[in-house]
Amino acid sequence: MPLDHMLTIVRQRKLKSYGHTTGYRKWKQKKRWEDNIREWTGLELRNTLRKAEDIEEWKAMVRRPSAAPRRIPNLSDRVLGEVEKGKVDTSELDPCDLISCHNGGKCKLQSGHPYCQCSDGFSGYRCETCEIISRNPCDCLKCENGGACESPDDRPRCRCPTGWMGTYCEIRDTRDPCDDYKCKNRGKCKVIDGSPKCVCKDGYYGRRCQNDYCGGCSKNERCMKSDIVCVRPPCPQYQCKPKDPCKTFICQNGGRCTVYKGVTQCVCPRDYKGLYCQKKKNPCKHFGCKNGGRCKAIGGRPSCICPSGYTGKRCKRDLCGGCKKKEKCVFNGTYECQNRGRA
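Residues numbered from 1 in each chain as written. Predicted model: local features only at pLDDT ≥ 70, side-chain atom pairs only at ≥ 80, totals over all residues. Heavy atoms only, no water.

Under an unreviewed UniProt entry, the name given to the protein is Neurogenic locus notch-like protein 1, and the organism recorded is Elysia marginata.

Spelled out as structure tokens, the structure:
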């Protein structure tokens, strides 16, 4: 690509990203558009030209902390947030806290100002420019904080350990590891030894709880412990059940479906019973009326119809004033006790 054309691309993209390319003051040019390429990107002009060939790489570059014009140039990400919030006075900081050196570079002071002393094969304001000629792309990228370089597409990048992020794994990741770690089938994410792990519900397994022991349930089903009465083995330990069992478990006669301890059942109204509230109760079945009284259901409740001479809820009380066990109360003009054997 011709150099003039590449310069045009850089100028256009810089204008789009930062909003200006040049400025004038009192008829004197304040800054040429090329002058602050290094200030905004942390790269030399020749390396910026190379990155400008790929629009995606350019976008990634200008999103880096060193590329944002509103931030303090080359300020270390470790202290940048505190400085921007006004919580840290930069005059009280070690000057080397304000600069991040990459690829094995070391921060040094010259006349009180920090700069990066780069290791062999690297240059640039932050030692970000690789000058090594090698067949291994990872020779041009030194990962920090335990990160490991990989280059599956011949482009080196750092695979950062848990708790770190950034091009060089130089930024501490304070996010909850479970924020972007989604568990399926109602599994719960927990941080174990610094890494997110899925704790699966009974019936499910896998890294994200994506597998079930039932052999594959539909979207409207869940894999649960089997309640099938097994007669001949092998007996299934799990079976697919509807997520909302009450959609298929129909209660009758005003019954209400509920799931209690994994068991679907109907809560029946007073007058009904059975698995689906399909049977009408006989309230008189266990309601014993005494002294020849007869039970009758009135309003769904049992009631005794007492013979002459008796009264009370169960016809226990006689109107004679207290007959013996072998006597009964009869009315012969007045109530009197008679032997049960008399006619």
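Chemist: Is there a simple way to think about the environment of Glu327 in this case?
Modeler: For Glu327, the location among the structural elements is in strand β25 (residues 327-331). Classification of Glu327 as partly exposed rests on a relative accessible area of 24%. Residues Glu327 and Cys337 lie ten residues apart in sequence; the distance between their C-alpha atoms is 6.0 Å. For Glu327, the contacting residues outside a window of four places in its chain are Tyr310, Cys337, Gln338, Asn339 and Arg340. (Helix = DSSP H or I, 4+ residues; strand = E, 2+ residues; numbered from the N terminus. Buried < 20%, exposed > 50% of the residue type's maximum accessible area, 1.4 Å probe, protein only. Contact = heavy atoms within 4.5 Å.)

Chemist: Could you clarify how one ought to interpret the state of the cysteines in this entry?
Modeler: In a disulfide, the sulfur atoms of two cysteines are covalently bonded to one another. Applying the stated criterion across every chain yields a total of 20 disulfides. Residue pairing for Cys251: its cysteine sulfur links by disulfide to Cys266, the two sulfurs lying 1.9 Å apart. As the torsion about the S-S bond is roughly -95°, the Cys251-Cys266 disulfide counts as left-handed. Here the residue Cys251 occupies a position in the loop between β16 (238-242) and β17 (256-260), and Cys266 occupies one in strand β18 (residues 263-267), the gap between them amounting to 15 residues. This pair shows no difference in class: Cys251 is buried, exactly as Cys266 is. (Disulfide = S-S within 2.5 Å.)

Chemist: Help me understand the UniProt feature "domain: EGF-like" (unreviewed entry) in the protein, please; the structure alone is not making it clear to me.
Modeler: The feature "domain: EGF-like" (unreviewed entry), as given by UniProt, occupies residues 92-128, 134-170, 174-210, 242-278 and 280-316 in the numbering adopted here. Between the C-alpha atoms that bound residues 174-210 the distance is 28 Å, and the span itself is 0% helix and 32% strand. Helix makes up 0% of residues 242-278 and strand 35%, with an end-to-end C-alpha separation of 22 Å. (UniProt positions renumbered as here; feature names shortened; annotations may be inferred.)

Chemist: What exactly am I supposed to notice about the confidence of the model for the protein here?
Modeler: Parts of the prediction with low pLDDT should not have their coordinates interpreted in detail. Overall, the prediction assigns the protein a mean pLDDT of 77, with 72% of residues at 70 or greater. The spread of mean pLDDT over the elements of the protein runs between strand β1 (residues 23-25), the lowest at 45, and strand β7 (residues 148-150), the highest at 93. Considering only residues more than four positions removed or in separate chains, one finds that residues 23-30, a stretch of pLDDT under 50, has seven contacts. Note that pLDDT drops below 50 for residues 65-78; the model gives that stretch 39 contacts with residues more than four away or on any other chain. (pLDDT = per-residue confidence, 0-100.)

Chemist: Help me understand the nonpolar core in this model?
Modeler: In globular proteins that are soluble, nonpolar side chains generally tend to be buried together. Ranked by size, the top nonpolar core spans seven residues in total: Phe287, Cys289, Cys304, Tyr310, Cys315, Cys323 and Cys329. Leaving out residues up to four positions away in the same chain, Cys329 has contacts with Ser308, Gly309, Tyr310, Asp318, Leu319, Cys320, Cys323, Tyr335 and Glu336. Judged by nonpolar contacts, the second largest core, of five residues, contains Ile99, Cys101, Phe122 and Cys127. (Core = buried A, V, L, I, M, F, W, Y, C linked by side-chain atoms within 4.5 Å.)

Chemist: Would you explain the environment of Ser226 in this entry?
Modeler: Within the secondary structure, Ser226 is located in the loop between β15 (221-225) and β16. Considered as a pair, Ser226 and Lys241 are 15 residues apart in the sequence and their alpha carbons are 8.9 Å apart. Only 3.5 Å separates the side chain of Ser226 from the side chain of Gln239, close enough to count as a polar contact. (Polar contact = N/O pair within 3.5 Å; in protein donor to acceptor, adjacent residues only side chain to side chain.)

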